[in-house]
Amino acid sequence: MPNIGPLDSSRVPRFAGFATFARLPRIDQVERADVAVVGVPFDSGVSYRPGARFGPAAVREASRLLRPYHPELDISPFEEKQVVDAGDIAVNPFNIGEAIETLQQEAEALQADGTRLVTVGGDHTIALPLLRAAAKKHGPVALLHFDAHLDTWDTYFGEPYTHGTPFRRASEEGILDTSALSHVGTRGPLYGKRDLEEDRRLGFGIVTSGDVLRRGVTETVDALRQRIGDRPLYVSVDIDVLDPAHAPGTGTPEAGGMTSRELLEILRGLRDLNLVGADVVELAPAYDHAEITAIAASHVAYDLVSLLALGKGE
Ligand SMILES: N=C(N)NCCCC(=O)O
Ligand SMILES: [Zn+2]
Ligand SMILES: [Zn+2]
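For clarity, every value in this text was computed on a predicted model and none was experimentally measured. (Residues numbered from 1 in each chain as written. Chains lettered and ligands numbered in written order. Predicted model: local features only at pLDDT ≥ 70, side-chain atom pairs only at ≥ 80, totals over all residues. Heavy atoms only, no water.)

1. Side note on the UniProt feature "binding site: Mn(2+) 2" (unreviewed entry) in the protein chain
Sequence positions flagged by UniProt for "binding site: Mn(2+) 2" (unreviewed entry) are, in local numbering, His124. Among the structural elements, His124 can be located in the loop between strand S3 (116–121) and helix H4 (127–138). Not counting the four nearest positions on each side in its chain, His124 is found in contact with His145, Asp147, Asp151, His163, Pro166, Phe167, Ser236, Asp238, Asp279, Val281 and Glu282. There is a polar contact of 2.8 Å between the side chain of His124 and the side chain of Ser236. (UniProt positions renumbered as here; feature names shortened; annotations may be inferred. Helix = DSSP H or I, 4+ residues; strand = E, 2+ residues; numbered from the N terminus. Contact = heavy atoms within 4.5 Å. Polar contact = N/O pair within 3.5 Å; in protein donor to acceptor, adjacent residues only side chain to side chain.)

Structure follows, in structure tokens:
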């Protein structure tokens, strides 16, 4: 049986009908799924502007325009693999601890028979339970983290589970492969020099936004690929890695970021790595204009799905 693809936009106009990611079938409309796009409408972990809870719905709307063939990666991901929209994982907005537990359980259940996840957030808090679920299946994972921020801070207002702390917690829990941790796109003021020292002690390497500009995409990709090797890899994309010109709709914007072209080109350089899961987080549609950020996030998610579809899927 061939895989069930997206609705044909030459028959049903792409602006008609319910929004699923890329107009793909819902998970209950297929027998099995190789790749699932799943939303997590959660933003109780934010430190500044709220609103990322509406990210999944905005990405689905913006993704109506995606087409089924990816020329740069030379793949039709929805033909190659059964890709579905798994809907949203509903978590408690009033209890971060409970939300994290629920999300981990639901992610594990979705992954149980080999489905790989591209999760659309939601704020960056959600990366912790998603990494836990990935590590449960694959062991400690290499992490490629695109973000203006380090997100390895210890606590905010004394609280350990926030959108600025997921990778500190993940590191403490031993679910990251500390020989292959990279931040890409980092920039902006920090609380102190100690932020960088502590981050380095956790094992992270940093490719700043300025480094990407100076070295270019090719050199950046080569260095990242060398560090990752054939380890199981999780990719976490905070959309604020992009310059506010390319992603105004986000909660903690920082000037001087990457272009969406640079981000997509770096992602495409990751083909044939052992990608086991990915997320796109921190889209806050209320601050968006003309769907600029939602379109960027939908293309990032499409590229991540395509990378997973290229993989062996074992
Ligand atoms: N956007 C994310 N994930 N983190 C930002 C935390 C920055 C701060 O409030 O200090
Ligand atoms: Zn960020
Ligand atoms: Zn972040």
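Okay, back to it.
2. A word on the coordination of the zinc ion (ligand 3)
Surrounding the zinc ion (ligand 3) are the protein donor atoms His124 (ND1), Asp147 (OD), Asp151 (OD) and Asp238 (OD), at 2.0 to 2.2 Å. All donors of the zinc ion (ligand 3) come from a single chain, and their spacing in sequence reads H-x22-D-x3-D-x86-D. A separation of 3.2 Å is found between the zinc ion (ligand 3) and the zinc ion (ligand 2), both of which receive a donor from Asp147. Each member of the pair, Asp147 together with Asp151, is buried. (Donors = N, O, S within 2.8 Å, 3.2 Å for Na, K, Ca; no water. Buried < 20%, exposed > 50% of the residue type's maximum accessible area, 1.4 Å probe, protein only.)

3. Quick look at the coordination of the zinc ion (ligand 2)
All of the protein donors around the zinc ion (ligand 2) are Asp147 (OD), His149 (ND1), Asp238 (OD), Asp240 (OD) and Asp240 (OD); their distances to the metal are 2.1 to 2.5 Å. For the zinc ion (ligand 2), the six donor atoms in the first shell make angles of 56 to 164° at the metal, so the coordination geometry reads as irregular. (Tetrahedral: all angles 85-135°; square planar, octahedral: opposite > 155°, others 65-115°.)

4. Quick word on the pattern of salt bridges
For the coordinates displayed, the defined rule picks out 21 salt bridges. Among the ionic pairs, Asp43 bridges to Arg53, the shortest N-O distance being 2.7 Å. Within this pair, whereas Asp43 is found in the loop between strand S1 (35–40) and helix H1 (55–62), its partner Arg53 is found in the loop between S1 and H1, the two being separated by 10 residues in sequence. Between Arg132 and Glu173 there is a salt bridge whose closest N-O contact spans 2.8 Å. In this pair, Arg132 is assigned in helix H4 and Glu173 in the loop between helix H5 (166–172) and strand S5 (176–186), connecting sequence segments 41 residues apart. Sharing partners across several salt bridges, the network here consists of Glu72, Glu265, Arg268 and Asp303. (Salt bridge = Lys/Arg side-chain N within 4 Å of Asp/Glu carboxyl O.)

5. Quick word on the site of ligand 1
In the neighbourhood of ligand 1, the contacting residues comprise Ser47, His124, His149, Asp151, Trp153, Tyr156, His163, Tyr191, Asp238, Asp240, Thr252 and Glu282. Within the side chain of Ser47, one N or O atom sits 2.4 Å away from an oxygen atom of ligand 1. Measuring from a nitrogen atom of ligand 1, one finds a side-chain N or O atom of Asp240 at 3.1 Å. Notes on ligand 1: free accessible area 310 Å², of which the protein chains cover 93%. The class makeup of the residues in the shell around ligand 1 is three nonpolar, five polar and four charged. (Near = heavy atom within 4 Å. Areas by Shrake-Rupley, 256 points an atom, 1.4 Å probe, with all protein chains shown as cover. Nonpolar A, V, L, I, M, F, W, Y, C, P; charged D, E, K, R; others polar.)

6. Topic: the sheet that holds strand S8 (residues 275–281)
Adjacent strands of a sheet form backbone hydrogen bonds with each other and so pair up, either parallel or antiparallel. Across the sheet, eight strands lie side by side as S2-S1-S3-S8-S7-S4-S5-S6; this open sheet has parallel pairing. Looking at which strands have only one partner, the edges of the open sheet turn out to be strand S2 (83–88) and strand S6 (204–208). The mean angle between the axes of side-by-side strands here comes to 15°, regardless of whether they run parallel or antiparallel. Sheet analysis places S5 next to S6, joined by five bridges and oriented parallel. Residue Val184 lies in a different strand from S6, and its bridge partner there is Val207. Running over the sheet, helix H7 (residues 209–228) touches strand S4 (141–146), S5, S6 and strand S7 (233–238) and is turned about 145° from S6. (Pairing = 2+ DSSP bridges. Axes fitted to C-alpha atoms, helices over the stretch in contact; angles between N-to-C directions.)

7. What to know about the packing of helix H8 (residues 260–268) against helix H9 (residues 292–310)
Where H8 contacts H9, the two axes come as close as 10 Å, and the packing angle between them is 5°. The orientation of H8 relative to H9 falls into the category roughly parallel. Along its contact with H8, which presents Leu263, Leu264, Leu267 and Arg268, the element H9 presents His299, Val300, Asp303, Leu304 and Leu307. (Parallel < 35°, antiparallel > 145°, perpendicular 65-115°, else oblique.)

8. A few points about the UniProt feature "binding site: Mn(2+) 1" (unreviewed entry) in the protein chain
Here, the residues flagged by UniProt with the feature "binding site: Mn(2+) 1" (unreviewed entry) are Asp147, His149, Asp151, Asp238 and Asp240. Taking the farthest pair of C-alpha atoms as the criterion, the annotated set spanning 94 residues converges on one region, since that pair is 12.1 Å apart. With respect to the helices and strands, the residue Asp147 is situated in the loop between S4 and H5. On the basis of relative accessibility, which here comes to 0%, the residue Asp147 falls in the buried class. Among the secondary structure elements, Asp151 is positioned in the loop between S4 and H5. Not counting the four nearest positions on each side in its chain, Asp151 is found in contact with His124, His145, His163, Gly164, Thr165, Pro166, Phe167, Arg168 and Asp238. In terms of polar contacts, Asp151 uses its side chain to reach the side chain of His124, at 2.9 Å.

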